[in-house]
Amino acid sequence: CARSTSTRSRWPPTTLAPKRFALVGISFGGAVALRVAAVAPSRVSALLLVSTPPPGLDPSEELLAAWEAEEAALQRGDLDAAAVAVAESWAPPRLRARVIAMQRRAFELQQGEAEEAADPLDARVPAFDFPVLVAAGEYNLPDFRAGSFAASLRAPLELIPGVGHLAPMENPEAFRSLLLRFLA
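Residues numbered from 1 in each chain as written. Predicted model: local features only at pLDDT ≥ 70, side-chain atom pairs only at ≥ 80, totals over all residues. Heavy atoms only, no water.

Visitor: Explain the environment of leucine 49 residue by residue, including any values.
Guide: Take leucine 49: it is sitting in strand β2 (residues 44-50). Considering only alpha carbons, one finds leucine 49 and glycine 30, 19 residues apart in sequence, at a separation of 5.1 Å. (Helix = DSSP H or I, 4+ residues; strand = E, 2+ residues; numbered from the N terminus.)

Visitor: Report on the pattern of salt bridges, specifying residues and quantitative values.
Guide: Inspection of the entire model under this criterion finds six salt bridges. Between glutamate 108 and arginine 105 there is a salt bridge, and its shortest N-O distance comes to 3.5 Å. Of this pair, glutamate 108 and arginine 105 both sit in helix α4 (residues 96-109), three residues apart, which is roughly one turn of the helix. Classification of arginine 105 as partly exposed rests on a relative accessible area of 46%. With its nearest N and O atoms 2.4 Å apart, the salt bridge here joins glutamate 158 to arginine 181. Here glutamate 158 is found in strand β4 (residues 157-160), whereas its partner arginine 181 is found in helix α8 (residues 172-183), with 23 residues between them in sequence. Taking relative accessible area as the criterion, glutamate 158 reaches 27% and is therefore assigned partly exposed. For arginine 181, a relative accessible area of 48% translates into the label partly exposed. Each of Asp80, Arg104, Arg105 and Glu108 takes part in a single network of salt bridges with overlapping partners. (Salt bridge = Lys/Arg side-chain N within 4 Å of Asp/Glu carboxyl O. Buried < 20%, exposed > 50% of the residue type's maximum accessible area, 1.4 Å probe, protein only.)

Visitor: Report on the pairing of β2, specifying residues and quantitative values.
Guide: Most of β2 is tucked away, with six of its seven residues classed as buried. In this region the chain leaves strand β1 (residues 21-26), passes through helix α1 (residues 28-39) and returns to the parallel neighbour β2; the handedness of that crossover is right-handed. Note that β2 and strand β3 (residues 132-137) share four bridges and pair parallel. Note that in β3 the partner of leucine 49 across the bridge is valine 134. (Right-handed = clockwise from strand over helix to strand, strands pointing away. Pairing = 2+ DSSP bridges.)

Below, the structure written as structure tokens:
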């Protein structure tokens, strides 16, 4: 769950994406989805943000420690340690090996110099004219369960029972049900 929201490509894609689409983002992917929606709101039909850090978040000590462990390993060039730090922070024990492999691959793909882009939100949350739902796992950090983020988007906050940060992996059926209800 990296903190930077710079992108390496132009968003939204104009040649491959349909005219309008629903965006679903989980964790850092939610931060990216929120920014895509802010840049191209006429292209978005709905936005579901799961375990997404709010713009301008003042992180709790626990969240800051998770981000710092990941960042310290990345600064050392230790992608394995960074992937382990992510898994230990966000995944229940039964999913850690899978998350480590996925995160290690994500770090590999992110290697190289990236041009830092300005944040289109600049700590403000836009008003959207399409349905928005903010969701978080019941056992996620309070940073992600705060109703203030949902309220700033004029969106409901739905807690997904029995899960933490990675709801789609922890309980795919509960996540699927939430997604289908929202998109119906």
